[in-house]
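# Inside the fold
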Amino acid sequence: MIVVMAPAADAVEVEHVIARLVERGFDVHRSTGAERTVLGVVGPTADLDPAELSLLPGVEEVVRISSPYKLVSRAFHPGDTLVRVRDVTFGGEEVVVAAGPCSVENEDQIRRTAAAVRAAGARLLRGGAFKPRSSPYSFQGLGEEGLALLRRAADEQGMALVTEVLDPAQVPLVAGYADMLQVGARNMQNYSLLRELGKAGKPVLLKRGLAATIEEWLLSAEHLVVAGNRDVVLCERGIRTFETATRNTMDISAIPVIEKRSHLPVIADPSHGVGIRDKVPAMARAAVAAGADGLLVEVHCDPDRALSDGAQSLFPEQFQALMDQLRIIVPAIGRSI
Ligand code: PEP
Ligand code: MN
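Rules used throughout
Residues numbered from 1 in each chain as written. Chains lettered and ligands numbered in written order. Predicted model: local features only at pLDDT ≥ 70, side-chain atom pairs only at ≥ 80, totals over all residues. Heavy atoms only, no water. Helix = DSSP H or I, 4+ residues; strand = E, 2+ residues; numbered from the N terminus. Contact = heavy atoms within 4.5 Å. Expected span 1.5 Å × (residues − 1). Buried < 20%, exposed > 50% of the residue type's maximum accessible area, 1.4 Å probe, protein only. Arc of directions from axis to C-beta. Polar contact = N/O pair within 3.5 Å; in protein donor to acceptor, adjacent residues only side chain to side chain. Donors = N, O, S within 2.8 Å, 3.2 Å for Na, K, Ca; no water.

## Quick look at the side chain of Ser 220
With respect to the helices, strands and loops of the structure, Ser 220 is situated in helix α7 (residues 214–226). When near neighbours in sequence (up to four residues on either side) are disregarded, Ser 220 contacts Met 188, Gln 189, Tyr 191, Leu 194 and Leu 206.

## What about helix α3 (residues 107–120)?
One turn of an α-helix holds 3.6 residues; hence residues three or four places apart share an orientation. In a regular helix each residue adds 1.5 Å, so 14 residues correspond to 20 Å; α3 covers 20 Å between its end C-alpha atoms and thus fits that length. For α3, every residue scored as buried is listed here: Gln 109, Ile 110, Thr 113, Ala 114, Val 117 and Ala 120. Projected onto a plane normal to the axis of α3, the buried residues spread over an arc of 130° and lie on a single side. Buried-residue contacts for α3 involve β7 (96–100), β8 (124–126), α4 (144–157) and α11 (316–329). Sitting at the head of α3, Asn 106 places a side-chain oxygen 3.2 Å from the backbone nitrogen of Asp 108. Following α3 by one or two positions, Gly 121 has its phi on the positive side, about 115°.

## A short note on the coordination of the manganese ion (ligand 2)
Around the manganese ion (ligand 2), the donor atoms from the protein are Cys 102 (SG), His 272 (NE2), Glu 298 (OE) and Asp 309 (OD), and they sit 2.1 to 2.4 Å away. Donor residues for the manganese ion (ligand 2), ordered by position in the chain, follow C-x169-H-x25-E-x10-D. Taken together, the residues span a long stretch of sequence, with Cys 102 in the loop between β7 and α3 and Glu 298 in strand β14 (residues 294–298) at a distance of 196 residues. The two residues Cys 102 and Glu 298 agree in class, both being buried.

As structure tokens, this is what we get:
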């Protein structure tokens, strides 16, 4: 349930409504817009009579939200949420591009790749140090040593760093190196990880699960917000379908659907979305044209020798060409890059 306060409601009236709800055992989350304050009421609201609340001074409207997620819904926060990661803002006019290898492999690889993606215009460096691999025999990542290499390469290029955290116990370690913490597709419904990230004090990039509906994905985002972290960016990365011609089916339609249902920024990962190098630029262009707030792109200085996801990683020149194309597309949709 949400309580929409009147534009003229003063702080005393807002506090009075909050106090009444807290007294009844509800958690209250406040969304302060330019015009008005909206209160999100979390708890068993079935027994709460909207009429009772609407009589309180300063209350304009009490609305039951039919979706199971509340705090991430547009109804609760009609404006767009801006998520700041150092000097970069997701959800505003700029289309924010994060790029880098699937995994950090060694110092030379990450430094060369970081320099190349920075020169092409990427704002964040991506790269995994802890890798969720389908096979236990595949490269599992360099662990903490990889985090240190990523941090140094990002600093050298003046870039923010996004990297994956696999386990709740690793959150403080990864948060010590990264500017943004990625939750991988396989962990979208790892609720103990989401709870821990609620307290991490760093923005979270929440990837869509391999077979997750948009509603399940938004409910995972709701877990993060309820646990105390409002800085959540969603990432569409393709889903499992019956189609086998591509690694996953990139659900471009998820982008406008999310934009309508949620105030959170949504970006797209065309690399995992399609899984085949020569098709990545087309999916990246389509996602941006569809309204994505950014991209997460795998780029490797020598993709044919990559230890993970080489087949979907762009050569630096391909990434440069993609960025040049995006610079032509974004003005048409009122954005910048
Ligand atoms: C990745 O970004 O390298 C990754 C493992 O992605 P996903 O969780 O989407 O498979
Ligand atoms: Mn990958």
